[in-house]
Amino acid sequence: MYKTLKQVSDALSNGKVTSSEITNNIIQLSEKYNQELNCFTTITKEKAQELSNESDKRRKENKVSSPIDGIPMSIKDVISTKGIRTTAGSKMLENYVPEYSATVYQKLIDNGGILIGKNNCDPFAFGGSGENSGYGPTKNPVCISKVPGGSSSGSASSVKAGLSLFSIGTDTGGSIRQPASLTGLSGLKLTYGRNSRYGLIAMASSLDTPGILANTVEDIAIVEDLIKGFDPKDSTTKKPENDYSFVEAISKDIKGLKIGLPKEYFIDGMDIDVKNAVLEAAKKYEKLGCTIEEVSLPHTEYALPVYYLIVPSEISSNMGRYDGFRYGNSDENSKDINEYIKNSRAVLEDEVKRRIIIGTFALSKGYSDQYYKKAMQVRSLIKKDFDEVYKKVDVILTPTSPTVAWDIGEKVNDPLKMYLADIFTVTANLTGMPGLSINAGYKAITPRKQDVDFEGKVCSKLPIGMQLFAPMWREDLLMSLGHTFQKAYPET
């Protein structure tokens, strides 16, 4: 079985397999394993078969449109797909079928991508574990007793289990990078404005960023070259002064690059195995010709509280549209307007309600200056920290998550403990810079009866993710560093 997008693309080009064969095999596996993993809210069997047949026809006529032509993929269910149910992982949108497609999805379809299905996720992307979805929790294919991370839980789970070759997720505070870390995948959060947000069901509009989960950095580069770019439908997208090919960037020499290790990211209380794996990765980068230097980001301790003031505030604003009139569930048996709105919104999941309440309070009269405005000011200080460090080093290396994947249900009743899992990822979103998570190693565990992978094999180790940050628009540095590491140390 082919593991990576690149391998499948090459096999298709060499005539070793057809898109229909690959697609039908993955559909069968998806229908089998989704019952356990719950990584899809919708499997688009007929659509996938139709698109794969069209791809095979193009290939026979030498009209292949791109490297992903004929490649099975999946899409996070907060990304609009015309004519295909888009639930955002919430019962509020259980029957919503968009009349238009998100730009990132449409670009993939235009380039021959084969949609296998829509990925389950925390509702409206609110969550860091994949347990909050209105359609039930997603499981980690590496160890089904563990969470896969969130909110792009289904995206990570489907790719890791081989039920799609790549997935488009979204990253507002680590929702691509954290699942990549907990499942052992590669996950890229782009510079804010690199990819279009048009058609993305909004969480926090100043931080939401569509990105990619895949098995390798090379696969990510192939996909990103097809979806990046200015979109007149999204005023936040920009045309970089010095644009480049992501595929070409992976081959750049990394010798001489300076990598910063921020002391604030190696904190007391984090998993010692995670700390050691990332520090060992730093030594490996030294062997590859990079220079390692300790740096300081003094406002790091404020990142999480700033994030959890700004994001719920923007959530509160964005969620106002789900009132039963404009969007979402409608209760037609209510006696008056107040009861109508109350009953229509009753289907919202607990985490959604929690964040709306926090955000509404933070924006309320007498408190908006004290909380939201102050948080935005500290956000500027956090960005300034990174700007200063990038004058000394080219990139920054940190853990992605302070722990490996935890048990399903372990943190679900302790929101604060759950939020702390985002401690290393939120700064990329607050500053707008890109971040890449790749696997750094593994933590050995003593397996219990329930610790098996999605195929029933005993799980004795869990992936550890490491994260690379770069200045805005310098994803080329992340691509070359990530790809070189994966080539030099394939065992990770």
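This section reports on the structure supplied with the text.

Conventions we followed
- Residues numbered from 1 in each chain as written.
- Predicted model: local features only at pLDDT ≥ 70, side-chain atom pairs only at ≥ 80, totals over all residues.
- Heavy atoms only, no water.
- Disulfide = S-S within 2.5 Å.
- Buried < 20%, exposed > 50% of the residue type's maximum accessible area, 1.4 Å probe, protein only.
- Helix = DSSP H or I, 4+ residues; strand = E, 2+ residues; numbered from the N terminus.
- Salt bridge = Lys/Arg side-chain N within 4 Å of Asp/Glu carboxyl O.
- Pairing = 2+ DSSP bridges.
- Axes fitted to C-alpha atoms, helices over the stretch in contact; angles between N-to-C directions.
- Contact = heavy atoms within 4.5 Å.

Looking at the state of the cysteines
Part 1 of the reasoning: Across all of its chains, the model carries 0 disulfides by this definition.
Part 2 of the reasoning: Here Cys39 is not disulfide-linked; the sulfur of Cys121 is the nearest cysteine sulfur, at 12 Å.
Part 3 of the reasoning: Assessed through its relative accessible area of 0%, Cys39 is described here as buried.
Part 4 of the reasoning: Not part of a disulfide, Cys143 finds its nearest cysteine sulfur in Cys459, a span of 3.8 Å.
Part 5 of the reasoning: Exposure remark for Cys143: the relative accessible area of 1% places this residue in the buried category.

Description of unusual backbone geometry
Part 1 of the reasoning: Cis geometry is found at the peptide bond from Gly150 to Ser151, where omega equals 5 degrees.
Part 2 of the reasoning: Mapped onto the fold, Ser151 is located in the loop between β3 (114-119) and α5 (153-160).
Part 3 of the reasoning: Positioned with a positive phi, Ala88 is a non-glycine residue whose angle comes to about 60 degrees.
Part 4 of the reasoning: Of note in this structure, Ala125 is not a glycine but carries a positive phi near 70 degrees.
Part 5 of the reasoning: Tracing the backbone through its elements, the reader meets Ala125 in the loop between β3 and α5.
Part 6 of the reasoning: For Ala125, a relative accessible area of 4% translates into the label buried.

Regarding the pattern of salt bridges
Part 1 of the reasoning: Tallied over the entire structure, the rule returns 24 salt bridges.
Part 2 of the reasoning: For Lys252, the salt bridge goes to Asp476, with nearest N and O atoms at 3.4 Å. Of the two residues, Lys252 sits in the loop between α8 (246-249) and β7 (258-262) while Asp476 sits in helix α16 (residues 475-488), which places them 224 residues apart along the sequence.
Part 3 of the reasoning: Its relative accessible area of 42% is what places Lys252 among the partly exposed residues.
Part 4 of the reasoning: Owing to a relative accessible area of 4%, Asp476 belongs among the buried residues under this scheme.
Part 5 of the reasoning: One connected set of salt bridges, linked through shared partners, spans Lys146, Asp407, Arg448 and Asp451.

What about the sheet that holds strand β2 (residues 72-76)?
Part 1 of the reasoning: Read across the sheet, 11 strands follow the order β1-β3-β2-β4-β6-β5-β10-β11-β9-β7-β8 without closing on themselves; strand pairing throughout is mixed. In this open sheet, the two edge strands, each paired with only one partner strand, are β1 (40-43) and β8 (291-295). Taken over all neighbouring pairs, the strand axes of this sheet differ in orientation by 30 degrees on average, direction set aside.
Part 2 of the reasoning: Bridge count for strand β5 (residues 186-189) against strand β10 (residues 435-444) is 3 bridges, and the pairing is antiparallel. Counted as the bridge partner of Lys189 is Gly435 from β10.
Part 3 of the reasoning: Here helix α4 (residues 103-110) sits on the sheet in contact with β2, β3, β4 (166-171) and β6 (209-214), set at roughly 170 degrees to β2.

All quantities given are derived from atomic positions and should not be read as evidence of function.
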